[in-house]
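Geometric and topological summary
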Amino acid sequence: MKKLTIIVLLAFTAFYSSAQPEPESDTSWKKIFRESAPRINDLVHTKLEVKFDYSQSRMNGKAWITLRPHFYSTDSLRLDAKGMDIHKVGLVKGSGIQNLVYKYDGWSLWITLDKKYTADQTYTVFIDYTAKPDEVEVAGSAAINDAKGLYFINPKGEDKTKPTQIWTQGETEATSVWCPTIDRPNQKTTQEIYMTVPSKYVTLSNGKLVSQKNNADGTRTDYWKMDLPHAPYLFFMGVGDYAIIKDTWKGKEVSYYVEKEYASVARKIFGHTPEMMTFYSKLTGIDYPWVKYAQITGVDYVSGAMENTTATLHGSSAQRNARQLTDGNPWEETIAHELFHQWFGDYVTAESWSNITMNESFANYSEVLWQEYKYGKDLAHEHNFSDMQVYLTSNSADRDLVRFYYSDKEDVFDAVSYHKGGRILHMLRNYVGPEAFSKALNVYLTTNKFKSGEPHQLRLAFEEVTGRDLNWFWNQWYFGSGHPDLDINYSYDANAKKAMVIVNQKQAGNKIFRLPVAVDIYNGSAKTRHQVWVENKIDTFLFDSPQRPELVNFDGDKMLLATKSENKTIDEYIHQFKYAGGFVDRREALEYATKHQSLDKAVELLQLGLKDRYEGIRLYAAGGLDIKRSNVKKVTESTLVQLARTDPSRLVKAAAIANIGKTLNREYASIYKTALNDSSYTVAGNALDALANIDMQEAMNEAKKLSKEDPRGKLASVLTTILIGSGDASMVDIIMQTFEKEPFGQDKFTLLQNIAEYISRTNDMEAVRKGVDGIVKFRDSIGDAFKSQTDPFINGFILKGIIAKKVKAGLKEQAEYVNSKLPVSERRGF
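Note that the coordinates shown come from a computational prediction; the quantities given were computed from them, not determined experimentally.

Check the secondary structure of the protein chain and you find 26 helices and 29 strands. The C-alpha radius of gyration of the protein chain comes to 29 Å, within 12% of the 28 Å expected for a compact globule of 830 residues. With the principal axes as the frame, the protein chain shows a C-alpha extent of 90 × 75 × 55 Å. With 830 residues in all, the protein chain has 56% of them scored as buried. The contacts of the protein chain with a sequence gap of at least 6 include a subset with a gap of at least 24, amounting to 69%. Per element, the accessible surface of the protein chain, about 34,100 Å² overall, is 48% carbon and sulfur. Computing the positive centroid from 104 side-chain charges and the negative centroid from 105, the protein chain places the two 2 Å apart.

Now for the pairing of strand β9 (residues 150–153). A two-sided burial pattern is seen for β9, the buried positions comprising Leu150 and Phe152 on one face and Tyr151 and Ile153 on the other. Of the strand pairs in this sheet, β9 and strand β10 (residues 165–168) are connected by four bridges, and their pairing is antiparallel. Each bridged residue has a counterpart across the sheet, and for Ile153 the counterpart in β10 is Gln165.

For the pair helix α13 (residues 583–594) and helix α14 (residues 600–610), the least separation of the axes is 9 Å and the interaxial angle reads 135°. Between α13 and α14, the interaxial angle falls into the category oblique. Handedness of the α13/α14 crossing: left-handed. Counting all contacts with α13, which are made through Ala589, Leu590, Ala593 and Thr594, the residues of α14 involved are Ala602, Leu605, Leu606 and Gly609. Looking at the contact of α13 with α14 residue by residue, the class counts come to six nonpolar, two polar and no charged.

To continue, consider the sheet that holds strand β15 (residues 237–240). Whenever strands of a sheet pair, they do so through backbone hydrogen bonds, lying parallel or antiparallel. The sheet built from four strands is open, its strands ordered β9-β10-β15-β12 with antiparallel pairing. What marks the edges here is a single partner per strand, and that holds for β9 and β12 (202–205). The mean angle between the axes of side-by-side strands here comes to 15°, regardless of whether they run parallel or antiparallel. Here β10 pairs with β15 via three bridges, running antiparallel. Bridging across to β15, Trp167 finds its partner in Gly238.

Here the focus is the packing of aromatic side chains. Enumeration according to the criterion identifies 47 aromatic pairs in this entry. With a centroid separation of 5.7 Å and an interplanar angle of 90°, the aromatic rings of Tyr431 and Trp472 are classed as edge-to-face. In this pair, Tyr431 is assigned in helix α8 (residues 416–432) and Trp472 in helix α11 (residues 471–478), connecting sequence segments 41 residues apart. For the ring pair Phe749 and Phe778, a centre distance of 5.6 Å and an interplane angle of 70° mean the geometry is edge-to-face. With Phe749 in helix α23 (residues 746–761) and Phe778 in helix α24 (residues 765–781), the pair connects residues that are 29 residues apart, well separated along the chain. Phe778 matches Phe749 in its accessibility class, with the two residues each being buried. Pairwise contacts between aromatic rings join Trp249, Phe279, Tyr280, Tyr288, Tyr293, Phe340, Trp343, Phe344, Phe362, Trp370, Tyr373 and Tyr444 into one cluster. The positively charged end of Lys47 is found above the aromatic ring belonging to Trp64, 4.8 Å away from the centroid.

Glancing now at the packing of α14 against helix α16 (residues 630–646). Two elements in contact, α14 and α16, have axes separated by 9 Å at closest approach and are oriented at 5°. What the angle tells us is that α14 and α16 run roughly parallel. Where α14 abuts α16, its residues Asp600, Val603, Gln607 and Leu610 lie against Asn631, Val632, Val635, Thr636, Thr639, Leu640 and Leu643. In the contact of α14 with α16, the residues fall into six nonpolar, four polar and one charged.

Moving on to the nonpolar core. If you look at the biggest cluster of nonpolar residues, it comprises 176 residues, and the most contacted ones within it are Tyr280, Phe462, Phe554, Tyr672 and Leu688. The element that contributes the greatest number of residues to this core is helix α19 (residues 681–694), accounting for nine residues. With sequence-adjacent residues up to four places away left out, Phe554 is seen in contact with Leu486, Ile488, Tyr490, Val501, Val503, Val517, Ala518, Val519, Val534, Leu560, Lys564 and Glu566. Ranked by size, the runner-up nonpolar core spans 65 residues in total, among them Leu67, Val197, Leu234 and Tyr301.

Now for the environment of Leu751. Here Leu751 shows up in helix α23. On the basis of relative accessibility, which here comes to 1%, the residue Leu751 falls in the buried class. A C-alpha to C-alpha distance of 27 Å links Leu751 and Ser386, two positions 365 residues apart in sequence. Those residues in contact with Leu751 that sit more than four places away from it in its chain are Ala716, Ser717, Thr720, Thr738, Phe739 and Glu742.

For α8, which comprises 17 residues, the first-to-last C-alpha distance of 22 Å matches the rise-based estimate of 24 Å (1.5 Å per residue) to within 8%. Counting buried positions along α8 gives 15 out of 17 residues, so the element sits mostly inside the fold. Immediately downstream of α8, the backbone of Gly433 shows phi near 100°, a positive value.

Right, let's talk about unusual backbone geometry for a bit. For the peptide bond that leads from Glu171 to Thr172, omega is 10°, which places it in the cis range. One non-glycine residue, Asp300, lies in the positive phi region at around 60°. Along the chain, Asp300 turns up in the loop between β18 (293–298) and β19 (305–306). The buried category is assigned to Asp300, whose relative accessible area is 18%.

Attention now moves to the environment of Val390. Turning to its location among the elements, Val390 is positioned in helix α7 (residues 377–392). Counting along the chain gives 315 residues from Val390 to Lys705, while the straight-line C-alpha distance between them is 40 Å. Those residues in contact with Val390 that sit more than four places away from it in its chain are Ala415 and His419.

It is worth spelling out the pattern of salt bridges at this point. The final tally for this structure, using the stated rule, is 48 salt bridges. Salt-bridge contacts for Arg220 lead to Asp222; the nearest nitrogen and oxygen are separated by 2.7 Å. The same class applies to Arg220 as to Asp222, namely buried. The residue Asp414 makes a salt bridge to Arg399 at a minimum N-O spacing of 3.0 Å. Of this pair, Asp414 sits in the loop between α7 and α8 while Arg399 sits in the loop between α7 and α8, placing them 15 residues apart in sequence. The buried category is assigned to Asp414, whose relative accessible area is 6%. Taken together, the salt bridges that share partners define one network made up of Arg78, Asp80, Glu173 and Arg184.

The rules behind each value
- Per chain, the residues get numbers from 1 upward, laid out in the order the sequence is written.
- Side-chain atom pairs in this predicted model are given and counted only at pLDDT of 80 or more, local residue features only at pLDDT of at least 70, and totals for whole chains, interfaces and linings cover all residues.
- Based on all heavy atoms of the structure, the side-chain values leave hydrogens and waters out of the count.
- In this description a helix means any DSSP run of H or I spanning at least four residues, a strand means any run of E spanning at least two, and both kinds are numbered starting from the N terminus.
- Values of the radius of gyration come from C-alpha atoms, whereas the globule rule sets the reference at 2.2 Å times the count of residues to the power 0.38.
- The classification of residues rests on relative accessible area computed with a 1.4 Å probe and restricted to protein chains. Under 20% of the type maximum is buried, over 50% is exposed, and intermediate values are partly exposed.
- In this analysis, two residues are considered to be in contact whenever any of their non-hydrogen atoms come within 4.5 Å of each other.
- All accessible areas in this document rest on Shrake-Rupley with a 1.4 Å probe, and a residue is counted as covered only by the protein chains that are shown.
- Neither His nor the chain ends is counted toward charge; the positive residues are Lys and Arg and the negative residues Asp and Glu.
- The atoms used to mark charge sites are NZ of Lys, CZ of Arg, CG of Asp and CD of Glu.
- Two strands are counted as paired when DSSP detects at least two bridges linking them.
- Every axis in this analysis is a line fitted to C-alpha atoms, fitted for helices over the stretch in contact. Angles between the N-to-C directions lie between 0 and 180 degrees.
- For classification purposes, an angle smaller than 35 degrees is called roughly parallel, one larger than 145 roughly antiparallel, one from 65 to 115 roughly perpendicular, and anything else oblique.
- If you view the pair so one helix is near and one far, a crossing is left-handed when the near helix is turned anticlockwise from the far one by less than a right angle, and right-handed when it is turned clockwise.
- For this scheme, ten residues count as nonpolar: Ala, Val, Leu, Ile, Met, Phe, Trp, Tyr, Cys and Pro. Four count as charged, namely Asp, Glu, Lys and Arg, and the remainder, Gly too, count as polar.
- Stacked, edge-to-face and tilted labels apply to pairs of Phe, Tyr and Trp rings (six-membered ring for Trp) whose centres lie within 6.5 Å, assigned for plane angles under 30 degrees, over 60, and everything in between, in that order.
- Criterion for a charge above a ring: Arg CZ or Lys NZ at most 6 Å from the ring centre, at most 35 degrees from the ring normal.
- Only buried Ala, Val, Leu, Ile, Met, Phe, Trp, Tyr and Cys residues count toward a nonpolar core, and they belong to the same one when joined by side-chain atoms within 4.5 Å.
- What a helix is expected to span follows from its residue count: subtract one and scale by 1.5 Å.
- Each salt bridge in this description consists of a side-chain nitrogen of Lys or Arg and a carboxyl oxygen of Asp or Glu lying within 4 Å of one another.

As structure tokens, then:
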């Protein structure tokens, strides 16, 4: 599963966090060891027949579940079945069904079998039931914002702006909301599903579509069959009005289910999938193991994406129009992430949620591996660096990667399991080498195929391949917490002709990390590498050097998961930028330069960054320099102008335009006007903003023209800001149309704040009505999965903020109108 970036607006964070009391701390979970689920009975095969009741958001189902005792004989069975109506439970006997005694508490179904079965005997139970997902309350997680398993989206078609869809989300244990099962990750079963749906819709499930049967009542029954075993949380059903775009990989169907308006760009979004399948097959030494691979989008999806076996579900944010894609496809890393789960997570599944690193850390790191293969090391190392910062700033250093103690199983879907775990694999690959890393993955997957796995099995695979004892690595990184905090001091003894590096581990507590590190010594472009081990509180390393090195570069490969401080000078950072060469080397140098822009050499270094071969470095340099400084402007302005005109990267071009826009130089108006027609929303948005800085009336005229071209993202934000700034109440229709068209995401919430400011400032009652009605329509259209986050923001911060300003301005009628749109319990008197 790829986690969705939850929208957190700074203003709201400050407001809401200060208003909420701190919850009482319950630490009793720290004494509860979270073992793998005991296996009394094992799933063998699951057959389902389901029909959907759109009017009640329910599903009528029949299940035939074949099982066998795991080892010990048993005469009973417990199934997870959350919030269902159970109509019948029986045992399949030939062509008939024998009723069985059962107990049901709304959560678990206890069945008394007809006799005691042994481990070499199978039996099949039959269950007739109704699933009621909207009537079940199940807590979600940081990765999953809701967990009711089966989701009816706009089932009655009442919202004309939203398609009618059904989709499922099983992880962690929500499949049992719509399918009685043993809902644990260490269970595996083959599967058949017969889905009866309105004939106008298409369906998707695990495995292969075997047949379709048209029924007399205007419905159709699709039969999906999964011949290879997988875990229940990976079961999937999807229903809706989709365009299906098809590719192939080695004779297997590869398909993309998208809303029809995105059919023309589906391959631009998902089209690298077959190449990814080839790459990951070679990386693991195991060809993609399943019968097909499909990807489908879901409106109001409760996470980022989910790796259901053969049928990945993506949030609708994956869908982008052609103009959005000119800035690149940020969803490509999620596509890679979910695909790699088909090996790590589906083919071999984490034995328990404590061991989720066996799924998520690998999927996280697969993003880096794909980018390295496809686009080169700079992008891959930038991604690796960014993910490391996510962990380092997550305040989760006290959590083990393998988590046997947690409050709730959902808690393990965090920056440790994803971002830290991915960086640990990055260090491991560097330590053992890429070939050994790939071979060890093959051994682990081959040994445990169609079963579950845990980190010890991974360690044994790496030890088998490398011939090394790696307990020290696993104990430190997998079964421990935290990371090194290093103070690195460089010096040179001219008399002894020795370069000295002193490394001090400053992290809190008594834990000392053992770190294999490369130390590179540079004179000009010549590099001498030394391999050392950091393993004490303070380590001192001496290296022969006939002259003072121009650079000593600790962690030459920039692999360590650590925080660090170094006493390098600007000259050393310039040398590092020029000769060390890696992305992190250059970024570190530029970071130093951005903090010391009063130094001419620092500005020269930033200038080098603007001319770098890699767009990510150019973008970082452009984003960090202060063009308002006279010394910076003198050196970099002409380069920025050139980037604004000709850089092949739209994002770099946009950043350059934003920079030269700060100069307020009217000579650049032609650059901005040309850029307004750029296919990139970001370039056009920054150009409009820059134009507004020097000619607001012209920017206003352009904004009115651009409002007719379906503006999104940065362009939509700048455009609405300009129109709002005009104070012209007649602009409300254009503003609200722009807001309505913007897809759900961070950009939409930026627009929301702009509109709230507009409503607060205007005295026109009709404009207030239209603006508030648009906000309320958006609020009410948000899926249940996000309402716990968005409603307090929209009601408590946006609408109540408007009310306060209207009251202060003495506009009682307007304040009362906004007040009427709040939930009754939150309305105030005047």
